[in-house]
Amino acid sequence: MGPLVPLQNISNELNLLIAFVIGLGFGIALEQAGFSSSRKLAGMFYGYDTTVLKVFFTAAITAMLGLIFLSFVGLIDLDIVYVNEYYIYSAIVGGVIMGAGFIIGGFCPGTSFTAAAIGKIDAMWFVLGSMIGIFIFGETYSIFQELHMSGYKGAVKVSDVLGIRDGYFALLLILVASAMFWLAELAEKKFRRDDITKEI
Amino acid sequence: MNTRVILTIIFISFGSIAAMLPKQKISSIQLEADDLLRDIKLRTHLVSTDELADLLINHDPTLLLIDVRDSVEYGKYHLPGAINIPLKELLDEKWLPYVDQLSKHNIFYSNGTILSSEAGILCRQLGFKNNFVLEGGLNAWFATIIKPEHPGSMATSEELDQYARRKAASMYFTGSSAATDQNSAPALPPVPRKKKKRVQGGCS
């Protein structure tokens, strides 16, 4: 269990088992938040339901605070926590494609699996479609390779770029998140739509 | 007060505490006293002067000698091919590619072994691999390779063999001609040499 200091020397199998349990937990949390409903997910883009924003931002700031406090009490080594490597252009292109797929399909990759797990047929097609997409990307990777690798910035953290301590950035992000939640509630009132889930 | 306001207040207060926490460096790569003691017993972190001479004469491409003395001393004398990283600068950003790597075998040396051992322990503490220390430092290098002493007439054939090799290495490094030793015993039949111990540890 890599960065958790007390669990440094556990076997790879147990490590994978823990990852599996955490993955199940993630799926349950998504389902609990109502993310297996396309209406809820697409609502983010139309402004009538901002649950996506609220859930993901709450999760992010909770995890962030957890990491900072665990690191402070010496239970986690932040230096070996994997930080995703940042490629500017592929992040932009990927973000646009992902956003478009989000509105069109009504799911994001994680939620499509939770919805498929509770038997939604559109989600199963969504999963199949993403698999085909992955396959096509893999087979034609040589065409995209240059774009994929351009604008490499390495594994950077926002706090490093801004040159501030992780704790300050955490507080800043919490304040921004609180402001965004407040704006999101306003948007929900403005773009309100009646819940038609029971009628369809 | 509704739940949202309460939650916001909780998050902001935790965030404020996080912002006030002092910056703390936690490293999970700890140098265990047991490991260190085992290394000292087995001498795996040390490279003898004979082994070093062998590596240098054979132009071992994986060898990198690092002089951890200051630049003045380095300027006066240094081993062939050695680079100078003063101990104080060892962990500077610019030297990290030299000390934290997997392709070379670094050998630290100083006049004695105090500076070089400190460098070796610092690197082990940080989890860097392939760093070794020259046993006895430059003092031992001079005493054994540059000016080897004849082991005496009662010496065993192994000792004489080692002396001959050191003498040859001395010629190689100083360019001096072979001094014929009148007192040396008559040439012994060639003794099969033991294969030299390679530098141990790391990814070798």
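Residues numbered from 1 in each chain as written. Chains lettered and ligands numbered in written order. Predicted model: local features only at pLDDT ≥ 70, side-chain atom pairs only at ≥ 80, totals over all residues. Heavy atoms only, no water.

Caption draft 1: Expanded view of the interface of chain A and chain B. Listed as interface residues are 24 residues of chain A and, on the opposing side, 19 residues of chain B. Ranking the residues of chain A by area buried against chain B places A:F69, A:F72 and A:R165 at the top, with a combined share of 30%. B:R4 is paired through a salt bridge with A:E185; the nearest N and O atoms lie 2.5 Å apart. Here chain A is connected to chain B by three residue pairs in polar contact (both at pLDDT 80 or more). Those elements giving two or more residues to the side of chain A that touches chain B turn out to be α3 (51–72) and α9 (166–190) of chain A. In terms of residues, the side of chain A that touches chain B owes the most to one element, α3(A), which gives nine residues. When its residues are assigned to classes, the side of chain A that touches chain B shows 12 nonpolar, seven polar and five charged. (Contact = heavy atoms within 4.5 Å. Buried area = accessible area lost by both parts, 1.4 Å probe. Salt bridge = Lys/Arg side-chain N within 4 Å of Asp/Glu carboxyl O. Polar contact = N/O pair within 3.5 Å; in protein donor to acceptor, adjacent residues only side chain to side chain. Helix = DSSP H or I, 4+ residues; strand = E, 2+ residues; numbered from the N terminus. Nonpolar A, V, L, I, M, F, W, Y, C, P; charged D, E, K, R; others polar.)

Caption draft 2: Structural detail: the environment of A:F26. All names here are of chain A. Among the secondary structure elements, F26 is positioned in helix α1 (residues 12–32). Using a relative accessible area of 46% as the deciding quantity, one classes F26 as partly exposed. A sequence separation of 88 residues divides F26 from T114, and the C-alpha atoms of the two residues are 9.5 Å apart. (Buried < 20%, exposed > 50% of the residue type's maximum accessible area, 1.4 Å probe, protein only.)

Caption draft 3: How the structure looks around the confidence of the model for chain A. Here chain A shows a mean pLDDT of 85. Residues at 70 or above account for 93%. When mean pLDDT is compared element by element in chain A, helix α6 (residues 121–139) of chain A scores highest at 93, while strand β2 (residues 152–154) of chain A scores lowest at 81. (pLDDT = per-residue confidence, 0-100.)

Caption draft 4: Representation of the sheet that holds strand β3 (residues 83–84) of chain B. All names here are of chain B. With respect to topology, five strands assemble into an open sheet ordered β1-β5-β4-β2-β3, the strand pairing being parallel. The two strands at the open ends of the sheet, each matched to only one other strand, are β1 (46–47) and β3. Bridge analysis of strand β2 (residues 63–67) against β3 gives two bridges, and the strand direction is parallel. Its bridge partner being in β3, I66 is matched across the sheet by I83. Helix-sheet contacts for helix α3 (residues 49–57) involve β1, β2, β4 (105–109) and β5 (131–134), and the interaxial angle to β2 is about 125 degrees. (Pairing = 2+ DSSP bridges. Axes fitted to C-alpha atoms, helices over the stretch in contact; angles between N-to-C directions.)

Caption draft 5: The arrangement of the packing of aromatic side chains in detail. Tallied over the entire structure, the rule returns 12 aromatic pairs over all chains. When the centroid spacing of 5.7 Å and the interplanar angle of 75 degrees are considered together, the rings of A:F107 and A:F126 count as edge-to-face. With A:F107 in the loop between α4 (88–105) and α5 (109–117) and A:F126 in helix α6, this residue pair connects regions lying 19 residues apart in the sequence. In terms of burial, A:F107 and A:F126 fall into one category: buried. On the basis of an interplanar angle of 50 degrees and a centroid distance of 5.8 Å, the ring pair of B:W95 and B:Y98 is categorised as tilted. Overall, B:W95 belongs to the buried group, its relative accessible area being 16%. Aromatic ring contacts, followed pair by pair, group A:F137, A:Y141 and A:F144 into a single cluster. (Phe/Tyr/Trp six-rings, centres within 6.5 Å; stacked < 30°, edge-to-face > 60°.)

Caption draft 6: Examining helix α1 (residues 3–20) of chain B more closely. Across its 18 residues, α1(B) extends 26 Å between first and last C-alpha, which sits within 8% of the 26 Å expected from 1.5 Å per residue. Its buried side turned inward, α1(B) meets α3 and α9 of chain A. (Expected span 1.5 Å × (residues − 1).)

Caption draft 7: Broad picture of the nonpolar core. Residues and elements named next belong to chain B. The biggest cluster of nonpolar side chains holds 19 residues, and the ones touching the most others in it are L52, L65, L79, I107, Y109 and W141. Put simply, the parts of the chain that give this core at least two residues each are α3, β2, β4, β5 and α7 (137–146). Non-local contacts of W141, meaning those with residues more than four positions away in its chain, are made with T49, L52, A53, L56, Y77, L79, I146 and F173. (Core = buried A, V, L, I, M, F, W, Y, C linked by side-chain atoms within 4.5 Å.)

Caption draft 8: Spatial organisation of the packing of α1(A) against α5(A). All names here are of chain A. Here α1 crosses α5 at 85 degrees, and the two axes come no closer than 9 Å. Taken together, the axis directions place α1 and α5 in an arrangement best described as roughly perpendicular. Facing G27, L30 and E31 of α1, the residues of α5 in contact are G110, T111 and T114. When grouped by side-chain class, the residues that make up the contact of α1 with α5 number one nonpolar, four polar and one charged. (Parallel < 35°, antiparallel > 145°, perpendicular 65-115°, else oblique.)

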